[in-house]
Amino acid sequence: MGYHFSKTISMPMDKAIDHVTSALAAKGFGVLTTIDVAATLKKKLDVEFRPYVILGACNPGFAYKALQEESRIGTMLPCNVILQQVGEGLVEVSAVDPIASMQGVDNPGLASIAGDVRELLRQAVDGL
């Protein structure tokens, strides 16, 4: 089993971020955090890195259900979605597979929640 699913889209990074954010919103996810990895690496290490952004996506309803099942599951939230430039005008979008990330948690009650979140994230990525 892989730990992510991906799709490459043809658009500049700034438009891709907006496009992915809208696709996530259409499936009930909000973006809680946006981390510009390239800017952070430049600032902290003075190194150049390809455009690479991490979006912390959260579906409040499913997050609430997961927190009711497992009080420390917040250590694995939100669901990360990354965008990285892979060529001129090409951005690869990858989302974490919640089922893969939940395998380390011994709580069968999380399985159906992770499955539902996986399906919504997959639909968002596939629909880009």
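Residues numbered from 1 in each chain as written. Predicted model: local features only at pLDDT ≥ 70, side-chain atom pairs only at ≥ 80, totals over all residues. Heavy atoms only, no water.

Novice: Is there a simple way to explain helix 1 (residues 13-26) in this structure?
Specialist: In an α-helix there are 3.6 residues to a turn, and that puts residues three or four apart on one side. Taking 1.5 Å per residue, 14 residues should reach 20 Å; helix 1 reaches 20 Å between its end C-alpha atoms and fits that length. Among all positions in helix 1, only Met13, Ala16, Ile17, Val20, Ala23 and Leu24 are buried. One face of helix 1 carries all of its buried residues, which in axial projection span an arc of 135°. Opposite the buried face of helix 1, at more than 90 degrees from it, the exposed residues are Asp14, Lys15, Asp18 and Ala26. The elements touched by buried residues of helix 1 are strand 1 (4-10), strand 2 (30-36), strand 3 (52-58), strand 4 (79-87), strand 5 (90-96) and helix 5 (109-126). Positive phi appears at Gly28, one or two residues downstream of helix 1, with a value of about 95°. (Helix = DSSP H or I, 4+ residues; strand = E, 2+ residues; numbered from the N terminus. Expected span 1.5 Å × (residues − 1). Buried < 20%, exposed > 50% of the residue type's maximum accessible area, 1.4 Å probe, protein only. Arc of directions from axis to C-beta. Contact = heavy atoms within 4.5 Å.)

Novice: Mind showing me how you'd approach the side chain of Asn59 here?
Specialist: Looking at the secondary structure, you find Asn59 in the loop between strand 3 and helix 3 (60-69). Owing to a relative accessible area of 12%, Asn59 belongs among the buried residues under this scheme. From its side chain, Asn59 meets the backbone oxygen of Gly28 in a polar contact 3.4 Å long. Those residues in contact with Asn59 that sit more than four places away from it in its chain are Lys27, Gly28, Phe29 and Leu120. (Polar contact = N/O pair within 3.5 Å; in protein donor to acceptor, adjacent residues only side chain to side chain.)

Novice: Honestly, unusual backbone geometry in this entry has me stumped. Any pointers?
Specialist: Among all residues save glycine, negative phi is the norm, and among peptide bonds the norm is trans. The omega torsion of the bond from Leu77 to Pro78 falls at -5°, within 30 degrees of zero and hence cis. Within the element layout of this structure, Pro78 appears in the loop between helix 3 and strand 4. A positive phi is found at Asp46, a non-glycine position, where the angle reads about 55°. Judged by relative accessible area, Asp46 falls into the exposed class, the value being 57%.

Novice: What should I look at first to understand the pattern of salt bridges in this one?
Specialist: As a working rule, side chains carrying opposite charge can pair if their charged atoms are close by. As enumerated under the stated definition, the model contains three salt bridges in all. Close ionic contact of Lys42 with Asp46 constitutes a salt bridge, the shortest N to O distance being 3.0 Å. Assessed through its relative accessible area of 36%, Lys42 is described here as partly exposed. Note that Asp97 is salt-bridged to Arg118, the shortest N-O span being 3.0 Å. Of this pair, Asp97 sits in the loop between strand 5 and helix 4 (98-102) while Arg118 sits in helix 5; the two residues are 21 residues apart in sequence, bridging distant segments of the chain. Using a relative accessible area of 2% as the deciding quantity, one classes Asp97 as buried. Residue classification places Arg118 among the partly exposed positions, given a relative accessible area of 23%. (Salt bridge = Lys/Arg side-chain N within 4 Å of Asp/Glu carboxyl O.)

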